Amino acid sequence: MKPGEKLISILNRIDGRGYKAYLDLKGSYDFNSFTLFIDHVQRDPFASPSLLRIEIPDHSFPPDLYQNKTRKIALEDYISRSFAEGIKRKVKGRKGSGKSGILRIDQGGQEVIERSCVNINPHILEIRFELGLPARGRRIMGKEAQRLLTQVLPDIVSSSCFYENLHAEEIARHVQCYENAEHIRDQLIREELVAFIATGSILPRESGISPKPLPRAVAFKSPDTLTVSLETADGNLVQGMGIPEGVTLIVGGGYHGKSTLLQAIELGVYNHIPGDGRELVITREDAVKIRAEDGRRIEKVDVSSFIHQPPGIKDTSNFSTENASGSTSQAANIIEALEAGSKLLLFDEDTSATNFMIRDERMQRLVNKEKEPITPFIDRVGELYHEHGVSTVLVMGGSGDYFQEANTVIMMDNYQPRDVTLASRKIAQEMPINRKAEAPGKFHYQKRYPHPESIQPYKGRKLKLDSRGISTLMIGTSMIDLSWVEQLVESSQTRAIGYALYQLTRYNTGPQPSLTVKNVLDKLDEEINRKGLDFLAPPGRKHPHNLARPRRYEIVAALNRLRSCKMNM
């Protein structure tokens, strides 16, 4: 039988019939060099596209390109981008109604993230994608479907999924770039650093809506006093600015690059594609951006180290609200990040509650401490590092009071960093402040135990897990707003978070849960590491084609914002 002959026969038979006749396509088809699987067929041209897979047996990719998990993730990412480029080259316009002719794969952006659309092992290369089966009105366009499935698709597969038809040097560069970033990240703890920004990096982005590098941007240059040399995976040394553990301030005038540097650091938890400019901007994986988030829900969080005895509330060690203030939400965000295992907190004063970050001497004199329930972060930041090993990086342009607590001070001047630590210490000595520390007792928080059954992923009898862009997640009848969870970068991560929350329902331990939030996240991470992203797929969603791995900190952020979620302490 000729390649695709069985498929052509079916399409000839159903040409012009009602759209549901496309259901006859479900199954597998031999194309000699690969097998096509049509796993799910849309029932209407206006519904979500159909889900397809191809499997290439005994592919020709050299084993050293996927010999470990790090290289495997990078190679799979390259193949998904190559497939997407093939679609752009071969698919010129669409014919038909609704989603007719849509052909797409879950291609990444500037970040390289483990995803479900490509899977490679020594015996099989599998590609998962979606196709809008073409229709005129609600009638099948059999000839156009034949063209897409038996001509366009094989051309895309040939040009993007066979090693001999790709650029070997480009593949090696892509894999090496990812591996170098991982190798440097592994050195950060040993070198007592929280982040590394290589000299020559391009930090500014093209625009607020484009994450691509800004053309002709000023290249980053490390100040001599903060320059370190780290080794890449291929044995070379790279120099750049090492941000040490402790309390680091990023200061400087407006529009000089303070927030740009912080944004690069917060996204340095991901590795980036060659040419991004941030290939060697590397941050510890556990960095969490903290901000004020008015209106968010809080469920039984011990915020007593920051908020104590506000009017009408005697105990804040078990604090809940459906509508948090800026300062209370920021306190909860800190505790929740630490609870999940973070040892690195990132702040920008522009997105922080002012009264949470600082209460200066004059305000202390006017408003007596007995009337102020908030312990400002300045009175905890040093303790967090010295007694709990939690480092902090803060963008601070309006308060020099933090000079007293800072281990390192970096001033951004026309997008270039200067080490002004000694100057800031001199200023602190010459201009001592008389504000009083307002921390009553030692920093602490109580562990929480989630009730998995409170996640409630069903709407009636139907499992409802859906994402709307990056910032909105639907779980059953609940909507989770992730607008201010700033380290999410892809809607495929948001979708995977929904699936992860569904999997948490399996960890039900009865009316008195025995697993802490950290226990639950550790268990989930271990299962994903062992079984891959397919593990997250709920029943009926086998072979998920559009999942990208989220970090545990974004998963727990969604759990904490789920209004049905219940916790014990």
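All values reported here derive from a predicted model rather than from experimental measurement.

What is the right way to look at the side chain of Glu130 in this model?
Here Glu130 lies in strand β7 (residues 124–131). A relative accessible area of 12% means that Glu130 is categorised as buried. Among the polar contacts made by the side chain of Glu130, one reaches the side chain of Arg104 at a distance of 2.3 Å. Side chain to side chain, Glu130 and His545 meet in a polar contact 3.4 Å long. Every residue in contact with Glu130, bar those within four places of it in the chain, is listed here: Pro49, Ser50, Leu51, Ile102, Leu103, Arg104 and His545.

Is there a simple way to explain helix α6 (residues 326–340) in this structure?
At 3.6 residues per turn, the α-helix brings residues three or four places apart onto the same side. Its 15 residues place the ends of α6 21 Å apart at the C-alpha level, agreeing with the 21 Å of an ideal helix rising 1.5 Å per residue. The buried count for α6 comes to 15 of 15 residues, which makes it a mostly enclosed element. Where α6 terminates, the next one or two residues include Gly341, which has phi positive at roughly 115 degrees.

Which parts of the structure should I look at to understand the nonpolar core?
The tendency in soluble globular proteins is for nonpolar side chains to be buried side by side. Within the largest apolar cluster, 76 residues are counted, with the highest numbers of intra-cluster contacts made by Phe377, Leu501 and Leu536. For Leu536, the contacting residues outside a window of four places in its chain are Ala496, Tyr499, Ala500, Gln503, Leu524, Ile528 and Leu547. Grouped together as the second largest cluster of nonpolar side chains are 56 residues, Ala74, Leu133, Ala145 and Phe162 included.

Please explain the packing of helix α2 (residues 69–90) against helix α4 (residues 168–188) as it appears in this structure.
The axes of two packed helices give the description: the angle between them and the distance between them. Close contact between α2 and α4 brings their axes to 9 Å; oriented N to C, the two are set at 135 degrees. Classified by the angle between their axes, α2 and α4 sit oblique to one another. The two elements α2 and α4 meet at a crossing, and its hand is right-handed. Counted together, Thr70, Arg71, Ile73, Ala74, Leu75, Asp77, Tyr78 and Arg81 of α2 and Glu170, Ile171, His174, Val175, Gln176, Tyr178, Glu179 and Glu182 of α4 form the full contact between these two elements. Residues of the contact of α2 with α4, tallied by class, amount to seven nonpolar, three polar and six charged.

Sorry if this is basic, but what is going on with the packing of α6 against helix α13 (residues 552–561) here?
Contact geometry of α6 with α13 gives a least axis separation of 10 Å together with a crossing angle of 130 degrees. Classified by the angle between their axes, α6 and α13 sit oblique to one another. The handedness of the crossing between α6 and α13 is right-handed. Contacts between α6 and α13 involve Asn333, Glu336, Ala337 and Ala340 from the first element and Arg552, Tyr553, Val556, Asn560 and Arg561 from the second. Looking at the contact of α6 with α13 residue by residue, the class counts come to four nonpolar, two polar and three charged.

Honestly, the sheet that holds strand β17 (residues 281–283) in this entry has me stumped. Any pointers?
As a general point, the strands of a sheet are linked pairwise by backbone hydrogen bonds and lie either parallel or antiparallel. Pairing is antiparallel across the open sheet formed by four strands, whose spatial order is β13-β14-β10-β17. Two strands bound the open sheet, and with one partner strand each, they are β13 (227–231) and β17. Across the sheet, the mean angle from the axis of one strand to that of its neighbour is 35 degrees, orientation sign disregarded. In this fold helix α5 (residues 258–266) packs onto β10 (193–198), β14 (237–244) and β17, with an angle of close to 110 degrees to the strand it touches most, β10.

Just to check I follow, could you spell out the pairing of β14 for this structure?
When β10 meets β14, the two strands line up antiparallel, connected through five bridges. Looking at β14, one finds that Phe196 is bridged to Gly242. Two elements, β13 and β14, share five bridges in a ladder whose sense is antiparallel. Counterpart to Thr227 in the pairing with β14 is Met241. Between β13 and β14, which pair antiparallel and follow one another directly, the connecting turn spans five residues, one of which, Gly235, has a positive phi of 90 degrees.

Honestly, the packing of aromatic side chains in this entry has me stumped. Any pointers?
Geometrically, a pair of aromatic rings is defined through the distance of the ring centres and the angle of the planes. Taken as a whole and assessed by the stated rule, the structure comprises ten aromatic pairs. An aromatic cluster is defined as three or more aromatic residues linked by ring pairs; in this entry it consists of Phe306, Phe347, Phe356, Phe377, Phe443 and Tyr445. Over the ring of Phe37 we find Arg53; its NZ or CZ atom is 4.4 Å from the centre of that ring. Over the ring of Trp484 we find Arg291, and its NZ or CZ is 4.0 Å from the ring centre.

Each value, and the rule that gives it
- Just so you know, the residues in each chain are numbered from 1, in the order the chain's sequence is written.
- Per-residue local features of the predicted model are confined to residues with pLDDT of at least 70, and side-chain atom pairs are confined, for both listing and counting, to 80 or more; whole-chain, interface and lining totals are unaffected and use all residues.
- Calculated side-chain values reflect all of the structure's heavy atoms, with hydrogen atoms and water omitted.
- Each helix corresponds to a stretch of at least 4 residues labelled H or I by DSSP, and each strand to a stretch of at least 2 residues labelled E; elements are numbered beginning at the N terminus.
- Relative accessible area decides the class of each residue, using a 1.4 Å probe on protein chains only: under 20% of the type maximum gives buried, over 50% gives exposed, and in between gives partly exposed.
- Here a polar contact is taken to be a pair of N or O atoms separated by no more than 3.5 Å, where protein atoms must pair a possible hydrogen donor with a possible acceptor and residues adjacent in sequence count only if both atoms sit in side chains.
- In this analysis, two residues are considered to be in contact whenever any of their non-hydrogen atoms come within 4.5 Å of each other.
- By this rule the span expected of a helix is its residue count minus one, scaled by 1.5 Å.
- Residues enter a nonpolar core if they are buried and are Ala, Val, Leu, Ile, Met, Phe, Trp, Tyr or Cys, with the set joined through side-chain atoms within 4.5 Å.
- Axis lines are fitted through C-alpha atoms, for helices just across the contact stretch, and the angle between N-to-C directions can take any value from 0 to 180 degrees.
- Note on angle classes: values under 35 degrees are labelled roughly parallel, values over 145 roughly antiparallel, values of 65 to 115 roughly perpendicular, and the remainder oblique.
- For any helix crossing, the convention is left-handed if the near helix is rotated counterclockwise from the far helix by under a right angle, and right-handed if that rotation is clockwise.
- Note that Gly is not counted as nonpolar here; it falls among the polar residues with everything else outside the nonpolar set of Ala, Val, Leu, Ile, Met, Phe, Trp, Tyr, Cys and Pro and the charged set of Asp, Glu, Lys and Arg.
- One requirement defines pairing of two strands: DSSP has to find at least two bridges between them.
- Under the pairing criterion, centres of Phe, Tyr and Trp rings, with the six-membered ring standing for Trp, must be within 6.5 Å; the plane angle then separates stacked pairs below 30 degrees from edge-to-face pairs above 60, leaving the rest tilted.
- Whether a charge sits over a ring depends on NZ of Lys or CZ of Arg being within 6 Å of the ring centre and within 35 degrees of the ring normal.

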